[in-house]
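Geometric and topological summary
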Amino acid sequence: MTKLWGIDLGGTKIEGAVLKSKNDPTPIVRKRINTEADKGYEHVLNNIKNLLDDLAKEVGEKPSIVGIGTPGAIDPPTGLMKNSNSQNLNHKPFKKDLEALLGIPTRMANDANCFALAETLMGAVPDVDPEAKVVFGVIMGTGCGGGVVVNGEVINGKQGIGGEWGHNFLDASGGPCYCGKSGCTEKIISGTGLEDFYEQQTGTRKRLKEILPAARSGEDPNAVKTLDRLVHFFGLGISTIINVLDPDVIVLGGGVGNVDELYTRGVEEAAKYVFNPRMDTKIVKPKLGDSAGVFGAAFLCE
């Protein structure tokens, strides 16, 4: 059985794992190190190599291919990294440079795609719908991203932006986004977007985890408005995904994905906009936590 090797490259940490095989994805070894992105692009490349070397020593063999989950995406025509929140990766031939350094081929997908793939193959999806063919994975945290898996394979797309619903227009009240557009989904229903909205209403900055209890108790009308905003715009935004992809299952990851109201009121709100008399799409919490990224990266090599 062929071992699967994966690296999850994040803004603050790099995690590596070696799995026994696709059929038995038990981790043989896992290890995390700091990304140290502030030390520059070349330093990050070398940290990935050093981590892989450490994993190879523990396993007793070297990889012939490795899957890499990235914070951005490779632009297919140019081979350059784009849309990465780790700024020193953008506009760099990351895949080419890393393969030259490692001396082996890589398979790359962005972190949301890796999340979606892992939850499809070994996470929440087999528990709720073992026959699922189309899965949409959502990461709602500081930002808002997504990944599409069809028949067990990631759909990166012609431009490498498959699943990037966070930068669809949702509502003008979101205001300008760093991407250059305005009213993006990310500006409205990410954790940051919701905290921004609360601050605009009150003049006070609070964390979402402080806003939610005040909304549920009803003691803070602006907290109630913030939660209502999340529920309404989540339903509206995710209904577009359902109408276009008609997925069997949607898995909600990231900190905002833990908000229980999304699975009750949010689902009811989405059903209002779905082009069907009822909504059969299952919307579920993830199973793998922060392990999903590195497992999904390893599955890219299968």
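Refer to the structure printed above.
In what follows, the accompanying structure is described. Everything quoted here is computed from the prediction, not taken from an experiment.

Some details on the environment of Arg30
Along the polypeptide, Arg30 turns up in strand β3 (residues 27-34). Look at Arg30 and you get partly exposed, because its relative accessible area is 35%. Placed 226 residues apart in sequence, Arg30 and Val256 show a C-alpha to C-alpha distance of 27 Å. Other than its neighbours up to four places away in sequence, Arg30 contacts Glu15, Gly16, Ala17, Ser291, Val294 and Phe295. A distance of 2.6 Å separates a polar atom in the side chain of Arg30 from a polar atom in the side chain of Glu15.

Observations regarding the packing of aromatic side chains
Tallied over the full model, the rule gives one aromatic pair. Between Phe136 and Trp165, the aromatic rings sit 6.2 Å apart at their centres with planes inclined by 90°, giving edge-to-face as the arrangement. Here Trp165 lies in the loop between β10 (153-154) and α5 (185-189) and Phe136 lies in strand β8 (residues 134-140), a separation of 29 residues in the sequence. For Phe136, a relative accessible area of 1% corresponds to the buried category.

Section: the packing of helix α7 (residues 208-217) against helix α8 (residues 221-245)
Where α7 meets α8, the axes come as close as 7 Å, and the angle between the chain directions of the two elements is 105°. Classified by the angle their axes make, α7 and α8 are roughly perpendicular. Note on element contacts: α8 touches α7 through Ala223, Val224, Thr226 and Leu227, opposite Ile211, Leu212, Ala214 and Ala215. Each residue belonging to the contact of α7 with α8 can be placed in one class, and the counts come to seven nonpolar, one polar and no charged.

So, the side chain of His167
In this structure, His167 sits in the loop between β10 and α5. Residue classification places His167 among the buried positions, given a relative accessible area of 17%. Within the structure, the side chain of His167 is placed 3.5 Å from the side chain of Glu186, a separation counted as a polar contact.

Some remarks on the sheet that holds strand β2 (residues 13-19)
In sheet architecture, strand pairing relies on hydrogen bonds along the backbone and comes in two forms, parallel and antiparallel. Overall, mixed pairing links the five strands, which are arranged β3-β2-β1-β4-β7 in an open sheet. The sheet terminates laterally at β3 and β7 (106-110), the two strands that pair on one side only. The mean angle between the axes of side-by-side strands here comes to 15°, regardless of whether they run parallel or antiparallel. Packing against the sheet, helix α1 (residues 41-59) makes contact with β1 (4-9), β2, β3 and β4 (66-70), and its axis sits at approximately 30° to β2. Against the sheet, helix α10 (residues 292-299) contacts β1, β2, β3 and β4, and its axis sits at roughly 135° relative to β1.

Definitions and cut-offs
- Residues numbered from 1 in each chain as written.
- Predicted model: local features only at pLDDT ≥ 70, side-chain atom pairs only at ≥ 80, totals over all residues.
- Heavy atoms only, no water.
- Helix = DSSP H or I, 4+ residues; strand = E, 2+ residues; numbered from the N terminus.
- Buried < 20%, exposed > 50% of the residue type's maximum accessible area, 1.4 Å probe, protein only.
- Contact = heavy atoms within 4.5 Å.
- Polar contact = N/O pair within 3.5 Å; in protein donor to acceptor, adjacent residues only side chain to side chain.
- Phe/Tyr/Trp six-rings, centres within 6.5 Å; stacked < 30°, edge-to-face > 60°.
- Axes fitted to C-alpha atoms, helices over the stretch in contact; angles between N-to-C directions.
- Parallel < 35°, antiparallel > 145°, perpendicular 65-115°, else oblique.
- Nonpolar A, V, L, I, M, F, W, Y, C, P; charged D, E, K, R; others polar.
- Pairing = 2+ DSSP bridges.

Purely geometric numbers; function is a separate question.
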